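Read off the chains here:
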Amino acid sequence: MSDNLKRAAAERAAQLVTDGMRLGLGTGSTAAHFVAAIGERVRGGLKVVGVPTSEATREQAHREGIPLATLDETPELDLTVDGADELDDDLRLVKGGGGALLREKIVASASRRMVVIADGSKRVAKLGKFPLPIEVVPFGLTATERAISKLLESLSMTGELRLRRAADGAPYVTDGGHFILDAHLGRIDKPNVLASTLNNIPGVVEHGLFLGLATGAILATGEGLVELGQL
Ligand SMILES: O=C(CO)[C@H](O)[C@H](O)COP(=O)(O)O
């Protein structure tokens with residue numbers, strides 16, 4: 001999928017930003033184009049403050065010269081712009097392919113609007129082809145994994161849980177110091193049930209189902225931009 005499409009979606013999202021906005025800055029290759037576009041506008045005089053959703057985004061935004069704040073300093077945001085691994089027509093998302101789902105969800109939840117930017121290939125009729133990231137605390141990993149497997153079984157869902165690993169083979173560690181189990185489910189028929197029951201398992205910190213958070217989406221396709229929801 002083309003980097004130009006990601007950039008096109010990001011640049012359209014950058015047009016939504018006006019002086020004085022408090023922005024949530026997403027994570028991933030598409031969000032990085034948005035951060036770059038905002039950086040350019042900041043250098044041209046735009047006044048905004050950004051709350052990054054990962055250390056990687058914090059570093060990029062800092063290099064771009066975007067004034068940054070923590071969510072504690074700026075607990076209410078006007079707009080968050082972030083990528084997604086999958087989204088459906090009800091603006092339900094799977095996120096966390098880049099490992100930043102926890103901060104991404106906290107930031108999106110603190111934001112009045114969340115606009116997803118993606119190339120058109122991320123739009124799906126049903127969520128679940130992309131493995132669902134589940135962030136877990138390292139303590140009791142095997143017990144947590146078993147509890148998740150039991151839950152999936154009880155929901156008649158089949159699929160393998162795989163511990164995400166870094167390039168050196170060690171478990172991938174998130175910015176929050178947690179591990180990620182990627183649930184290869186194939187399809188998620190009842191995202192709301194799965195989301196709420198996963199959150200009840202001790203040891204599960206968060207999962208990549210973003211339901212009722214995105215207010216709009218900009219999808220870049222070979223034929224042009226497609227906009228969903230309210231931008
Ligand atoms: O959820 C994410 C990071 O945790 C990303 O937004 C998601 O993985 C999409 O990334 P990309 O824009 O590189 O395809």
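None of the values given here were measured: they were computed from a predicted structure.

Novice: Outline the site of the ligand, listing residues and values.
Specialist: Near the ligand lie 17 residues; those nearest to it are Ser 29, Thr 30, Asp 85, Gly 96 and Lys 122. Note that an oxygen atom of the ligand is positioned 2.6 Å from one of the side-chain N or O atoms of Asp 85. Gly 96 has a polar backbone atom sitting 2.8 Å from an oxygen atom of the ligand. Considering the ligand on its own, with 380 Å² of exposed area, one finds that the protein chains cover 91% of that surface.

Novice: Describe in detail unusual backbone geometry, supporting the description with residues and values.
Specialist: Backbone geometry at Leu 91 places phi at a positive 60 degrees, although glycine is not the residue there. Counting through the fold element by element, Leu 91 comes out in the loop between strand S4 (86–87) and strand S5 (93–94). Even without being a glycine, Ser 156 presents a positive backbone phi close to 55 degrees. Examined against the element boundaries, Ser 156 turns out to sit in the loop between helix H5 (141–154) and strand S8 (160–163). Take Ser 156: its relative accessible area is 68%, and that puts it in the exposed class.

Novice: Talk me through helix H2 (residues 29–43); I want residue IDs and the actual numbers.
Specialist: Over its 15 residues, H2 extends 21 Å from the first C-alpha to the last, a length consistent with the 21 Å expected when each residue adds 1.5 Å. Along H2, the residues that are buried comprise Thr 30, Ala 31, His 33, Phe 34, Val 35, Ala 37, Ile 38, Gly 39 and Val 42. Taken together, the buried residues of H2 touch helix H1 (3–14), strand S1 (22–25), helix H3 (55–64), strand S3 (77–82) and strand S6 (111–119). Two residues or fewer after H2 comes Gly 45, characterised by a positive phi angle close to 120 degrees.

Novice: Lay out the sheet that holds S1 with the relevant residues and their values.
Specialist: On the basis of which strands lie adjacent, the open sheet formed by six strands has the order S2-S1-S3-S6-S12-S13 and mixed pairing. Edge positions in the open sheet fall to strand S2 (49–52) and strand S13 (224–229), since each of these has one partner strand only. Each strand axis lies, on average, 20 degrees off the axis of its neighbour in the sheet, ignoring direction. Pairing analysis gives five bridges linking S6 to strand S12 (residues 216–221), with the strands arranged parallel. Residue pairing across strands places Val 116 opposite Ala 217, the latter belonging to S12. On the sheet, H1 packs against S3, S6, S12 and S13 and is oriented at approximately 145 degrees with respect to S12.

Novice: Just give me the short version of the nonpolar core, but keep the residues and values in it.
Specialist: With 24 residues, the main nonpolar core has Val 17, Leu 23, Phe 34, Ile 38, Val 48, Leu 79 and Ile 117 as its most contacted residues. At five residues, the largest contribution of residues to this core is made by H2. Setting aside its immediate chain neighbours within four residues, Ile 38 contacts Ala 14, Val 17, Leu 23, Val 48 and Ile 66. Judged by nonpolar contacts, the second largest core, of 23 residues, contains Met 157, Phe 179, Leu 185 and Ile 201.

Novice: I'd like to hear about the pattern of salt bridges, residue by residue, with values.
Specialist: Taken as a whole, this structure holds 19 salt bridges when the rule is applied. Arg 112 is paired through a salt bridge with Glu 76; the nearest N and O atoms lie 2.8 Å apart. One end of the pair, Arg 112, is in strand S6; the other, Glu 76, is in the loop between H3 and S3, and 36 residues separate them in sequence. For Arg 112, a relative accessible area of 55% gives the class exposed. Between Glu 160 and Arg 162 there is a salt bridge whose closest N-O contact spans 3.2 Å. Since its relative accessible area comes to 44%, Glu 160 is described here as partly exposed. Taking the relative accessible area as the measure of exposure, Arg 162 reaches 40% and is therefore partly exposed. Within the structure, one salt-bridge network assembled from shared partners comprises Arg 22, Glu 76, Asp 78 and Arg 112.

What counts, and at which threshold
Along every chain, residues carry numbers that run from 1 in the direction the sequence is written. Reporting of local features is limited, given that this is a predicted model, to residues whose pLDDT is at least 70; pairs of side-chain atoms are given and counted only at 80 or more, and all residues count toward the totals for whole chains, interfaces and linings. Hydrogens and waters are ignored; side-chain quantities use all the structure's heavy atoms. The near set for a molecule or strand comprises every residue that places at least one heavy atom within 4 Å of it. Two N or O atoms count as a polar contact when they lie within 3.5 Å, although within protein this holds only if one can serve as hydrogen donor and the other as acceptor, and sequence-adjacent residues are included solely when both atoms are side-chain atoms. Using the Shrake-Rupley algorithm and a 1.4 Å probe, accessible areas are obtained, with residue cover drawn only from the displayed protein chains. For helices the rule is a DSSP run of H or I covering at least 4 residues; for strands it is a run of E covering at least 2, with both sets numbered from the N terminus onward. Relative accessible area decides the class of each residue, using a 1.4 Å probe on protein chains only: under 20% of the type maximum gives buried, over 50% gives exposed, and in between gives partly exposed. The span expected for a helix works out to 1.5 Å for each residue beyond the first. Throughout, a contact is declared for two residues whenever any of their heavy atoms are within 4.5 Å. Between any two strands, pairing holds if DSSP finds at least two bridges. Only the contacting stretch of a helix is used when fitting its axis, a line to C-alpha atoms as for every element, and angles between N-to-C directions run 0 to 180 degrees. To qualify as a nonpolar core, a set must consist of buried Ala, Val, Leu, Ile, Met, Phe, Trp, Tyr and Cys residues joined through side-chain atoms within 4.5 Å. Each salt bridge in this description consists of a side-chain nitrogen of Lys or Arg and a carboxyl oxygen of Asp or Glu lying within 4 Å of one another.

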